[in-house]
Each structure stands twice: as C-alpha cells, then as structure tokens.
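Here is what each chain is made of, one letter per residue.
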Amino acid sequence: MSDLLERLRGRGWRLTSQRRVVAEVLDGEHVHLTADEVHARAAERLPEISRATVYNTLGELVTLGEVIEVSTDGRAKRYDPNAHRPHQHLICTGCGAIRDVHPLGNPLADLPAEQRFGFTVSQAEVTYRGLCPHCAG
C-alpha cells in the first residue's frame, strides 16, 4: 500500500474507489502531476471517474495537508504527495519538470535577523530554477 493511502487510512478518511485511485496515481517519489494528468492516469484504472471528482479529491487532499499544491510561474498547478517530509523544489524553466530536493542547511536560520523586519518567521519556501539535462542539451 502506498504511503499516502496508509496516511489517509490512519486519518479515517473514507476511501471510495475514486479516492483510492487518485491516491494511488499520486504515489511515488518526485510525483508532481497536474489535475489533468491525475485524471488521465486515474481514468486508465477507473474509466468512469470524472474530472470533477479528481479536482474535488485533490482539493480535499490539499485541505487535509496530505498533498501540497505547487504553483510554477503561470503553469498548471501540480500536486505533490510528499507533504510530510520538508523539501524544496527544483523546476526546469524549459519543460516545467519538477524534482524534490533536500538541500543541507535551514532556510529559516539562513535569514539574518536584520532581514526579518520584526517578523516571527515560521516557514520558508525556496524554489530552485534552471534547465534540466534534456532542455539544456
């Protein structure tokens, strides 16, 4: 069983066949699918699944904190099931490919006190951008 399915079961989330197939499609490392990609893959497994059901399920998963919604420079939002391990993203500016990265250090600690302007900083999001090997080649 996937990590996401296990977490959802542990929360007592009702796993209908539609919800289960969406969670199964999102399983894996470096998964950053658009809602349309989730729908296409889910429909291969469960042909009767509707686009609305996929969108609603993704919205519920984001609200539950089980999936992260990743926005990238005007491209379609992507959904990342790696919500429980802190990480950053590496995004190809050519094709839009996204990879999870785990840089050393703490971005919260790296912000000097004089650059905090009195804020109590609780979270930092760092996005690395560049060209993937395919686009750079």
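So, here is what we can say about the structure in this document. Keep in mind that this is a model prediction, so the values were computed, not measured.

Section: the sheet that holds strand β4 (residues 88-92)
For step 1, the next point in the chain: Across the sheet, which stays open at both edges, the three strands sit in the order β5-β4-β6 with mixed pairing between neighbours. The sheet is open, and its two edges are formed by β5 (98-101) and β6 (127-130), each paired on a single side. The mean angle between the axes of side-by-side strands here comes to 25°, regardless of whether they run parallel or antiparallel.

Observations concerning the layout of surface pockets
For step 1, the next point in the chain: What the largest pocket holds in volume is close to 510 Å³.
For step 2, the next point in the chain: Residue lining of the largest pocket: 23 residues in total, with His87, Gln88, Gln123, Ala124 and Glu125 positioned closest to the centre.
For step 3, the next point in the chain: Taken together, the elements giving at least two residues each to the lining of the largest pocket come down to β2 (68-70) and β4.
For step 4, the next point in the chain: Estimates place the volume of the second largest pocket at around 300 Å³.

A look at the state of the cysteines
For step 1, the next point in the chain: Evaluation of the coordinates by the stated rule reveals zero disulfides.
For step 2, the next point in the chain: Considering cysteine sulfurs only, cysteine 135 is the nearest to cysteine 92, which forms no disulfide, with 3.6 Å between them.
For step 3, the next point in the chain: Exposure remark for cysteine 92: the relative accessible area of 4% places this residue in the buried category.
For step 4, the next point in the chain: Not engaged in a disulfide, the cysteine cysteine 95 finds its nearest cysteine sulfur in cysteine 92; these two sulfurs lie 3.8 Å apart.

Points about helix α3 (residues 35-45)
For step 1, the next point in the chain: Three or more residues of α3 are buried, namely Ala35, Val38, His39 and Ala42. One side of α3 holds all its buried residues, which, seen down the axis, span an arc of 100°.
For step 2, the next point in the chain: If you follow the buried residues of α3, they end up packed against α2 (17-25), β1 (33-34), α4 (51-64) and β3 (78-80).

Topic: the pairing of β4
Each regular strand shows side chains that alternate between the opposite faces of the sheet.
For step 1, the next point in the chain: For β4, a buried count of four out of five residues is recorded, marking the element as mostly surrounded by other parts of the structure.
For step 2, the next point in the chain: Alignment of β4 against β5, held across four bridges, turns out to be antiparallel. Its bridge partner lying in β5, glutamine 88 is registered against valine 101.
For step 3, the next point in the chain: Following β4, the chain reverses through five residues before pairing antiparallel with β5; glycine 96 in that reversal takes a positive phi of roughly 90°.
For step 4, the next point in the chain: Of the strand pairs in this sheet, β4 and β6 are connected by four bridges, and their pairing is parallel. Within β6, the position partnered with isoleucine 91 by the bridge is arginine 129.

The rules behind these values
- Residues numbered from 1 in each chain as written.
- Predicted model: local features only at pLDDT ≥ 70, side-chain atom pairs only at ≥ 80, totals over all residues.
- Heavy atoms only, no water.
- Pairing = 2+ DSSP bridges.
- Helix = DSSP H or I, 4+ residues; strand = E, 2+ residues; numbered from the N terminus.
- Axes fitted to C-alpha atoms, helices over the stretch in contact; angles between N-to-C directions.
- 1 Å grid on protein atoms, 1.4 Å probe; cavity = no way out; pocket = protein on both sides within 12 Å on 5 of 7 lines; lining within 4 Å.
- Points joined across faces, edges and corners; volume = space filled by probe spheres on them.
- Disulfide = S-S within 2.5 Å.
- Buried < 20%, exposed > 50% of the residue type's maximum accessible area, 1.4 Å probe, protein only.
- Arc of directions from axis to C-beta.
- Contact = heavy atoms within 4.5 Å.

In short, the description is geometric, and any link to function would need to be established separately.
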